[in-house]
Amino acid sequence: MSIKSTVATWTGKSAYWFLHTFRGGGSSLPGKLALKLDPAILKQLAKNYEVIVITGTNGKTLTTALTVKVLREQYPDILTNPSGSNMKQGIVTTFLTAPRAHQKPLAVLEVDEANVIMVTKYITPKAFVFTNIFRDQMDRYGEIYTTYQKILDGVALAPEATIIANGDLPLFNSKKLPNPILYYGFDYQPDADTQAPANTDGLLCPRCQHILRYHSRTYSNMGKYFCPHCGFERPQLTYKLNALTKMTPTSSDFEINGQTMHLNIGGQYNIYNALAAYAVGRFMAVSPAKIATALSENDEQVFGRQEIFHVGDKDVTLILVKNPVGLNQVLQMISTDDRPFSFAALLNANYADGIDTSWIWDGDFEQLPKLNVPAYISGGERYRDITFRLKVAGVPTDKLAIVPDLTNMTAEIQKLPTKQVYVVATYTAMLQLRKQLASQGLINGGMA
Amino acid sequence: MTYTLKAAHLYGDLMNTYGDIGNILAMGYYAKAVDATIDTDLISLDDPFDPAKYDFVLFGGGQDYEQTIVSKDLQTKKAPLTAYIENGGPFLAICGGFQMLGHYYIGAQGEKIPGIGALDHYTLSQDNNRFIGNITIKNAETGQTYYGFENHNGTTFLGKGERPLGNVIQGHGNNGQDKTEGVIYKNTFGSYFHGPILARNEALAKRILKLALQRKYPDADFSVLDELHEDLTKNVVIKP
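Under an unreviewed UniProt entry, the name given to chain B is Lipid II isoglutaminyl synthase (glutamine-hydrolyzing) subunit GatD, and the source organism is Lactiplantibacillus brownii. The heading Sequence similarities (unreviewed entry) in the UniProt record of chain B holds the text "Belongs to the CobB/CobQ family. GatD subfamily."

Under an unreviewed UniProt entry, the name given to chain A is Lipid II isoglutaminyl synthase (glutamine-hydrolyzing) subunit MurT, and the source organism is Lactiplantibacillus brownii. Listed under Pathway (unreviewed entry) in UniProt, the entry text for chain A is "Cell wall biogenesis; peptidoglycan biosynthesis."

Novice: What am I meant to see in the UniProt feature "active site" (unreviewed entry) in chain A here?
Specialist: All names here are of chain A. In the numbering used here, UniProt assigns the "active site" (unreviewed entry) feature to Asp356. Among the residues examined, Asp356 registers a relative accessible area of 9% and is labelled buried. A distance of 3.0 Å separates a polar side-chain atom of Asp356 from the backbone nitrogen of Ser358.

Novice: Would you mind going over the sheet that holds strand 8 (residues 131-138) of chain B with me for this structure?
Specialist: Hydrogen bonds along the backbone pair up the strands of a sheet, which may run parallel or antiparallel. Strand order in the open sheet formed by four strands is 9-8-11-12 (chain B), with antiparallel pairing between adjacent strands. Looking at strand neighbours, the two that pair on one side only are strand 9 (145-152) and strand 12 (180-181) of chain B, the edges of this open sheet.

Novice: Explanation requested: the interface of chain B and chain A in the structure shown.
Specialist: Where the parts come together, the accessible area they lose is often given as the size of the interface. The interface is formed by 39 residues belonging to chain B together with 41 residues belonging to chain A. Across the contact surface, chain B and chain A share two salt bridges. When the shortest N-O distance is used, the salt bridge between Lys391 of chain A and Glu230 of chain B registers 2.8 Å. Taken together, the connections running from chain B to chain A amount to 18 residue pairs in polar contact (both at pLDDT 80 or more). Listing elements by their share of the side of chain B that touches chain A, those giving two or more residues are helix 1 (22-31), helix 2 (64-74), strand 9 and helix 5 (197-200) of chain B. A total of five residues in the side of chain B that touches chain A trace back to one element, the largest contributor, which is helix 1 of chain B.

Novice: Please explain the UniProt feature "active site" (unreviewed entry) in chain B as it appears in this structure.
Specialist: All names here are of chain B. In the UniProt entry, the feature "active site" (unreviewed entry) is given for Cys95 and His194. The greatest C-alpha distance among the annotated residues, which extend across 100 residues, is 6.9 Å, indicating that they converge on a single site. Residue position: Cys95 is located in the loop between strand 4 (91-94) and helix 4 (96-101). Assessed through its relative accessible area of 11%, Cys95 is described here as buried. Sequence-distant contacts of Cys95, defined by excluding residues within four places in its chain, comprise Gly61, Ser191, Tyr192 and His194. Mapped onto the secondary structure, His194 falls in the loop between strand 14 (188-191) and helix 5. Of the residues examined, His194 reaches a relative accessible area of 4% and is grouped as buried.

Novice: How should the UniProt feature "domain: CobB/CobQ-like glutamine amidotransferase" (unreviewed entry) in chain B be read in this particular structure?
Specialist: UniProt annotation of "domain: CobB/CobQ-like glutamine amidotransferase" (unreviewed entry) refers to residues 8-201 of chain B when read in the numbering used here. Secondary structure content for residues 8-201 of chain B is 21% helix and 32% strand, while the C-alpha to C-alpha distance between its ends is 21 Å.

Novice: Looking at this model, I keep getting lost on the state of the cysteines. Mind explaining?
Specialist: Residue and element names in this part refer to chain A. Within this structure, the stated rule accounts for zero disulfides over all chains. Free of any disulfide, Cys205 has its nearest cysteine sulfur in Cys230, 3.6 Å distant. What makes Cys205 buried here is its relative accessible area of 0%. The closest cysteine sulfur to the non-disulfide-bonded Cys227 is located on Cys208, 3.5 Å from its own sulfur.

Novice: Would you explain the environment of Ile184 of chain B in this entry?
Specialist: Residue and element names in this part refer to chain B. Looking at the secondary structure, you find Ile184 in strand 13 (residues 183-185). Spatially, the C-alpha atom of Ile184 lies 20 Å from that of Ala26, the residues being 158 residues apart in sequence. Beyond its immediate chain neighbours, meaning those up to four positions away, Ile184 contacts Asn139, Glu141, Gly161, Glu162, Arg163, Pro164, Leu165, Phe189 and Arg207.

Novice: How do you make sense of a nonpolar patch on the surface when you look at a structure like this?
Specialist: All names here are of chain A. Judged by side-chain polarity, Ile3, Val7 and Leu37 come together as a nonpolar surface patch covering roughly 280 Å² of accessible area. With respect to the element layout, Leu37 can be found in helix 2 (residues 29-37). Leu37 sits in the partly exposed class, given a relative accessible area of 38%.

Novice: What should I look at first to understand the packing of aromatic side chains in this one?
Specialist: Each aromatic ring pair is described using two quantities: the centre-to-centre distance and the angle formed by the ring planes. All names here are of chain B. As enumerated under the stated definition, the model contains 26 aromatic pairs over all chains in all. Here Phe49 and Tyr54 contribute two aromatic rings whose centre-to-centre distance is 5.5 Å and whose plane-to-plane angle is 15 degrees, an arrangement assigned as stacked. Given a relative accessible area of 5%, Phe49 falls into the buried group. Looking at Lys112, its charged tip hangs above the ring of Tyr104, at a distance of 4.2 Å from the centre.

Novice: It is not clear to me how the nonpolar core should be interpreted in this structure. Could you clarify?
Specialist: In summary, soluble globular proteins display a tendency toward joint burial of nonpolar side chains. Counting 180 residues, the largest nonpolar core has Phe95, Phe130 and Phe343 of chain A together with Phe59 and Phe91 of chain B as the members making the most contacts within it. It is helix 9 (residues 268-283) of chain A that contributes the most residues to this core, 10 residues altogether. When neighbours within four sequence positions are excluded, Phe59 of chain B is seen to be in contact with Leu10, Tyr11, Met15, Val70, Leu74, Phe91, Leu92, Ala93, Ile94, Gly97, Met100 and Leu101 of chain B. Judged by nonpolar contacts, the second largest core, of 23 residues, contains Phe309, Ala375, Val403 and Ile443 of chain A.

Novice: How do you make sense of the environment of Ala118 of chain B when you look at a structure like this?
Specialist: All names here are of chain B. The residue Ala118 is located in the loop between strand 6 (112-114) and strand 7 (122-125) in this model. Under the relative-accessibility criterion, Ala118 is labelled buried at 8%. Here the alpha-carbon distance between Ala118 and Arg163, two residues 45 residues apart in the chain, equals 14 Å. If sequence neighbours within four positions are ignored, Ala118 has contacts with Thr82, Ile85, Leu101 and Tyr185.

Novice: Which parts of the structure should I look at to understand the sheet that holds strand 4 (residues 127-130) of chain A?
Specialist: All names here are of chain A. Strand order in the open sheet made by the nine strands is 2-3-1-4-5-6-9-10-11, with mixed pairing throughout. Of all the strands in the sheet, the pair left with one neighbour each is strand 2 (78-80) and strand 11 (259-263). Sheet twist, expressed as the mean angle between neighbouring strand axes with direction ignored, is 20 degrees. Examined bridge by bridge, strand 9 (residues 239-248) and strand 10 (residues 251-256) share six bridges and lie antiparallel to one another. Within the sheet, the bridge partner assigned to Ala243 lies in strand 10 and is Glu255. Helix 9 rests against strand 1 (50-55), strand 4, strand 5 (162-166), strand 6 (181-186), strand 9, strand 10 and strand 11 of the sheet, and its axis sits at about 145 degrees to strand 9.

The rules we used
- Residues numbered from 1 in each chain as written.
- Chains lettered and ligands numbered in written order.
- Predicted model: local features only at pLDDT ≥ 70, side-chain atom pairs only at ≥ 80, totals over all residues.
- Heavy atoms only, no water.
- UniProt positions renumbered as here; feature names shortened; annotations may be inferred.
- Buried < 20%, exposed > 50% of the residue type's maximum accessible area, 1.4 Å probe, protein only.
- Polar contact = N/O pair within 3.5 Å; in protein donor to acceptor, adjacent residues only side chain to side chain.
- Pairing = 2+ DSSP bridges.
- Helix = DSSP H or I, 4+ residues; strand = E, 2+ residues; numbered from the N terminus.
- Contact = heavy atoms within 4.5 Å.
- Salt bridge = Lys/Arg side-chain N within 4 Å of Asp/Glu carboxyl O.
- Disulfide = S-S within 2.5 Å.
- Patch = residues over 30% accessible without salt bridge, like charges linked within 9 Å, V, L, I, M, F, W, Y side chains within 5 Å.
- Areas by Shrake-Rupley, 256 points an atom, 1.4 Å probe, with all protein chains shown as cover.
- Phe/Tyr/Trp six-rings, centres within 6.5 Å; stacked < 30°, edge-to-face > 60°.
- Lys NZ or Arg CZ within 6 Å of the ring centre and 35° of its normal.
- Core = buried A, V, L, I, M, F, W, Y, C linked by side-chain atoms within 4.5 Å.
- Axes fitted to C-alpha atoms, helices over the stretch in contact; angles between N-to-C directions.

Below, the structure written as structure tokens:
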């Protein structure tokens, strides 16, 4: 270890100790300090690790959490970064604060799409996991093709690492790569001939630029796609969901490669996340039975993703939303709830939310009135936009309460007529709500 | 319903990147007040466009890749689209759609991509810069203020017969130089405001809706639209 990296490591560790002990935080500043002293510090810190990088638009956090659970069945030492610390500083902090490991440890890292290259400059991962790429906060990320290119620029520095990719997304089959690639996807429906809805991104055949068709479709532009014009089609899947038996808002039952699975999280999109975790598990030689056990364990809740808390007699499920595909999946999930529920949508437009709110018009809020929701709340700093969106979708004005100031949300939630309440919120709106919940002792800490 | 408008969403499957469809949804919402509905067709690659069939056309913005594909197909629809515009058909073009109604724009790789030249503007590109952020403009004719969000690399320069949709109060607008934003030519409106410009600008939504209704139903009275005002604070439980 060079003097530079020794000093950088010491500084980072001290900063973390200080922040952690006296401020209860420290998820990115220690990394920032260490990086300032030694920009290549990651090379030193991660040199003993086998690293798996998980990236994509939606599902990074949960896929990372599930993958860690699956791998822990077989590997005792697994390092992972806390939710939200998926940029370079957070990743450096993660390594700085790792406990000393005895054998060659694994690191499972959630990495922001644009930060993959920051990681691969210093670390050669064993595998990359690609969840999906959808349009998301384009004021920051650009278009789906540029986002994918950013990831590939990072992957290009590790041409021998295996890519474990969502085979149902056409984009992941659009470029020839030197890396070994394993695909996972859904394969439980008989073949038919369908087309994705018009309001979907990424519909062009990457080979001949005609509109893709589907033998079966899951959501957005994902499924068993094919191009009737040039024969381009979904690649062979190594890891397949071959039966989907039950979906509720809080759980799913399905089979992967013949192994029965139960997942204690709702939503079709989370089955993809579980499938990705399964694929990594198999890739790392964890047995299917052990994976099933790991996935069926009750989940520690992941920050802001289907988190459940209680306000008075209400059971409130809080779900982060940030793009139309994610939103539509959440709406699909709550539509499987057979209990009566109320619905709240909270919209902010700060940097972390995405400052462009136009995406709410691509979300299928029109589904809501069909679900006989007895009461709605719209709120947040951009309450006008979300209120109008709900009204246009057909939400009756007399069932809608508008709550611009989220510091009063819990009082409004208590007035709702149902025990079940779903709250979808953009990132900073979620933080504001959590802050209030924490101040009332309704949730514990976790304000990162 | 007493009245029906037929809308064409041009390349709604490829050029709907920023909630552009919100424009038709918002117009449909206001249309209810005068007992009108909007029925939308998707017109995509290889589909013909029949100018006599439509009362409103929406042409949204797309990603660079899709736009290059669309620009080729668009040439096959050049004559009927130009006829529709010249004939006073109400048209709303956003971002890439706005650019492609003009002579050309410069693509992501610096290549010159042809539009259809139905309107007399052209679009250059900036080096490593985008105009991103909230924007406010004022329409000279009506005195109305419009609010939106812009995110574009292209810089557009208006030509003969073109008036801006508004003058920039805050933000960048067409090119960051002449304080113009968007375009009005006959009954065609163009803008860099992202996606659902009509969802955030009630007055403009009603103006375009009324144009379309009156063109199809010249003897009907739609003045009730002028008195309509969407109150988004009606159910506010606690003041912001």
